[in-house]
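Coordinates in review
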Amino acid sequence: MMKFNNPQFRPRLVRSLAAAFILCAIAIAWEWVPWLNHWEQLSLDFRYRHFNRETRVSEQIVVVDIDEQSFKLLGPSIGRWPWPRRIYKDLIEFLSLGQPAAILFDVLFTEAQQGTDDDAQLAEISANVAGVSHAMQLLQHSAEEREGIAPLPTGFRDKFGIRTESAMPHWGQLRHYQDFELPAPPYLAKSNHIHVVSAEKDADGMFRRMIPAFFYGESPLPSLLLQGLRLARPPGSTGITVTGNQIQFHSEQKPPIQIPLEPDGTVRLHYYNVDREAETVSFANVIDSAIKLQKGEVADPSELKFNPLTLSGKIILIGASATGAADLKSTPIHSSIPGVFLHATAISNALTQDYLKRVSFILRFLVLLPLIAASYIAVFFLSSIIIKTLLPVLSLGFYLAISFYLFRFYSLWLDVALPVFVSLASALDAFVYLSFVEGRERRKLKGALSKYLSPNVMESLIASGSDPRAEVGARRELSILFSDIRGFTTFSERFKPEFVVEILNRYLGRMTDVIFENKGTLDKFIGDAILAFWNAPLEDPNHVKSAVQAAFQMKKALAELRAEWNAKGIPADLEVGLGINTGEVIVGNIGSEKRLDYTVIGDNVNLASRLEGLTKQYQVPLIIGQRTRELLGADFACRTVDIVRVKGKSNHVTIYEPLEDFPDWLDPFEKAWKLYQARDFKAASETMSQVSALRPGGDPLSLIYVERCTEFLVSPPSAEWDGVYSALSK
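Residues numbered from 1 in each chain as written. Predicted model: local features only at pLDDT ≥ 70, side-chain atom pairs only at ≥ 80, totals over all residues. Heavy atoms only, no water.

Between its terminal C-alpha atoms helix α22 (residues 681–694) stretches 20 Å, which fits the 20 Å expected from 14 residues at 1.5 Å a residue. Along α22, the residues classified as buried are Phe681, Ala684, Ser685, Thr687, Met688, Val691 and Ser692. Where α22 is buried, its residues touch α21 (666–677) and α23 (700–714). (Helix = DSSP H or I, 4+ residues; strand = E, 2+ residues; numbered from the N terminus. Expected span 1.5 Å × (residues − 1). Buried < 20%, exposed > 50% of the residue type's maximum accessible area, 1.4 Å probe, protein only. Contact = heavy atoms within 4.5 Å.)

Have a look at this one:
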């Protein structure tokens with residue numbers, strides 16, 4: 001996880017907060033932007049189709065359906081649609097045997113049937129049977145066309161309008177009706193009840209809401225929903241109260257029936273699964289049962305296809321599902337469903353108080369914050385790409401699971417579209433920021449760091465947000481390596497400049513690869529010399545071993561280059577001297593305002609350079625300092641080269657040559673060197689000669705000590721001699 005002191009922490013935090021503020025502003029505006037709110041409606045439709053509850057429509061509701069079967073069975077006897085009105089008279093007579101609470105038509109009888117008295121008979125029985133209500137329809141036009149509104153018949157409002165205990169809020173300004181289709185005159189004269197069956201669809205053609213109270217001009221008229229609840233009120237009901245956000249039916253014996261209203265005066269339908277719809281009976285089966293009962297073919301009504309005695313206190317809706325009746329609607333759960341089932345759903349919601357309850361705006365707003373936070377924290381402040389990707393997805397998935405669960409089992413509406421949007425938008429914004437804003441900076445940083453850092457070290461620095469170019473300076477213990485090609489000046493004078501540059505570039509490129517492979521930092525090239533160091537900018541607890549391993553591999557790489565050049569006939573028999581010293585130095589960006597270099601300075605850097613210079617004098621390829629030997633440990637074989645006082649320094653230092661294995665001659669050499677320090681020059685000389693003989697081609701360092709011992713045997717050192725050799729050259 002990103003640390004607080006990471007230089008990228010603050011800009012990412014600022015970006016997160018700024019983006020969160022913008023997303024919250026979008027969330028606030030979401031409710032009032034129709035095309036944004038439409039996405040939430042679609043998500044709600046999805047939940048109705050796939051996560052709907054198992055509740056059934058109220059058993060108090062029965063739908064008499066004019067279906068295709070009714071067209072087929074009744075057509076030969078009563079003719080084509082629309083049927084003679086006498087068939088509905090027979091229907092009401094039969095249904096009234098069960099004493100239902102209400103019989104509500106979702107079928108319009110707007111035109112009188114000529115040449116018969118069917119309308120008069122149907123109107124008469126409608127007046128005599130309690131609870132029968134006929135349908136009318138309002139025609140909606142634009143606000144500009146509202147002038148010239150057709151007036152309702154005299155006394156219509158007083159007879160059929162809504163009577164409430166309180167003044168009704170006026171939703172008329174939201175819908176403008178210019179005309180109407182009323183039942184034919186006989187029904188207006190005789191009927192006790194008339195209701196409006198008009199339905200309002202959303203912009204996408206979907207029916208999601210019903211209008212409980214219609215305003216025609218200043219006249220409030222009941223919908224089928226309101227009419228059904230009025231007629232089915234139990235004894236002792238005291239009246240209807242309407243406020244801005246609900247309609248209440250009061251009763252002394254039961255809790256009030258409450259209809260929650262949307263701001264536009266509609267009631268949202270809480271749909272049931274298709275297989276949980278209202279009890280439905282075919283119109284043909286009801287008429288068949290009525291005919292058999294009239295003819296005395298059945299004595300016991302329970303033996304009929306449809307028993308009217310089961311209808312006591314029920315609300316009967318008469319509507320059509322047959323295609324020819326043209327009353328099919330599109331809903332979230334069905335692409336084509338009879339309109340009568342919308343009314344059945346609305347009445348059932350009210351009777352059972354089964355409404356979808358939307359959580360408060362404050363809570364809907366607050367749940368967005370952890371989703372936004374999860375996205376930005378994951379992408380900006382966590383290192384694993386898997387976690388960066390999975391955490392926002394899992395957070396959103398967890399939220400969606402909760403929303404679907406609450407919808408299915410508690411009828412709670414927790415927004416989905418907006419949380420999905422803000423969660424994905426915040427994650428996308430964070431990734432875009434990393435890719436384009438920080439990505440541009442990352443590419444620039446990579447270009448700069450790649451010149452002196454290995455790819456692995458560079459990626460680690462970038463991942464941690466560190467930029468060594470920004471370091472002013474720090475004291476740190478490093479392992480510093482100097483290398484120099486022996487005799488390169490003479491070599492360069494022998495060949496053309498182009499050839500010299502080609503050879504040098506090949507050599508420096510291969511040595512750089514070795515340094516990078518061992519997690520080193522390339523400081524600079526000084527002609528044919530190389531300065532590199534370990535343990536900065538990234539800390540490396542094994543920096544000493546890494547530096548020594550790099551030196552071994554540099555020797556091996558040069559041998560491979562020589563073989564390659566020799567195979568091509570290129571006379572480049574180059575040798576290299578390597579010096580490594582470990583100690584505290586100053587590391588940081590040093591230079592002028594126009595140019596800075598990430599480099600190291602200090603006495604220990606100079607000592608590393610002196611050690612490299614001593615390799616030529618002692619005729620060994622690699623020399624390390626005393627601190628380097630201490631930290632290298634017993635895993636590496638080293639032989640003591642000497643105790644020296646380098647030029648320009650008063651203190652002496654023991655220097656060593658690391659070896660890649662533990663050769664047989666190592667112990668004899670160390671024994672001989674101790675004899676030399678103990679002033680036993682004869683024994684030391686003999687042993688050194690034996691060591692040189694053990695090595696193929698001899699051992700130059702042993703022969704140097706043989707020469708020294710011979711000189712000391714001829715001219716012994718003074719009594720104050722401490723075994724320290726003073727180097728006279730760099």
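After that view, the rundown keeps rolling.
There is a patch of nonpolar side chains on the surface, built from Ile28, Trp32, Phe361, Ile362, Leu363, Leu366 and Leu369 and spanning about 690 Å² of accessible area. If one sorts the elements of the nonpolar patch by residue count, helix α11 (residues 361–366) sits on top with four residues. Residue position: Leu369 is located in helix α12 (residues 368–381). The exposure class of Leu369 is partly exposed, given its relative accessible area of 37%. (Patch = residues over 30% accessible without salt bridge, like charges linked within 9 Å, V, L, I, M, F, W, Y side chains within 5 Å. Areas by Shrake-Rupley, 256 points an atom, 1.4 Å probe, with all protein chains shown as cover. Salt bridge = Lys/Arg side-chain N within 4 Å of Asp/Glu carboxyl O.)

Overall, the coordinates contain 35 aromatic pairs when judged by the stated rule. Pairing Tyr88 with Phe283 gives two aromatic rings, centres 5.7 Å apart and planes at 70°, and the pair type is edge-to-face. Of this pair, Tyr88 sits in helix α4 (residues 86–96) while Phe283 sits in helix α9 (residues 283–294), and the two are 195 residues apart along the sequence. Classification of Tyr88 as buried rests on a relative accessible area of 2%. A cation sits over an aromatic face here: Arg639 above Phe669, 4.7 Å from the ring centre. A cation over a ring is seen here: Arg708 above Tyr725, with NZ or CZ 4.1 Å from the ring centre. (Phe/Tyr/Trp six-rings, centres within 6.5 Å; stacked < 30°, edge-to-face > 60°. Lys NZ or Arg CZ within 6 Å of the ring centre and 35° of its normal.)

For the rest of this paragraph, the subject is the pattern of salt bridges. One pass over the structure, following the stated rule, counts 30 salt bridges. Between Glu279 and Lys314 there is a salt bridge, with its nearest N and O atoms 3.8 Å apart. Here Glu279, found in strand β13 (residues 279–282), pairs with Lys314, found in the loop between α9 and β14 (315–320); they are 35 residues apart in sequence, far enough to count as distant. Here Asp699 ties to Arg695 by a salt bridge, and the two come within 3.0 Å at their closest N and O atoms. Overlapping salt bridges, with partners in common, bring together Asp45, Glu200, Asp202, Asp204, Arg208, Arg209 and Asp264 in one network.

Remark: α21 packs on α22, axes separated minimally by 8 Å, with the N-to-C direction vectors making an angle of 160°. Put simply, α21 runs roughly antiparallel to α22. In this structure, α21 crosses over α22, and the sense of that crossing is left-handed. Taking contact as the criterion, the partners of Pro668, Phe669, Ala672, Trp673, Leu675 and Tyr676 in α21 are, on α22, Phe681, Ala683, Ala684, Thr687, Met688 and Val691. (Axes fitted to C-alpha atoms, helices over the stretch in contact; angles between N-to-C directions. Parallel < 35°, antiparallel > 145°, perpendicular 65-115°, else oblique. Left-handed = near helix turned anticlockwise from the far one by under 90°.)

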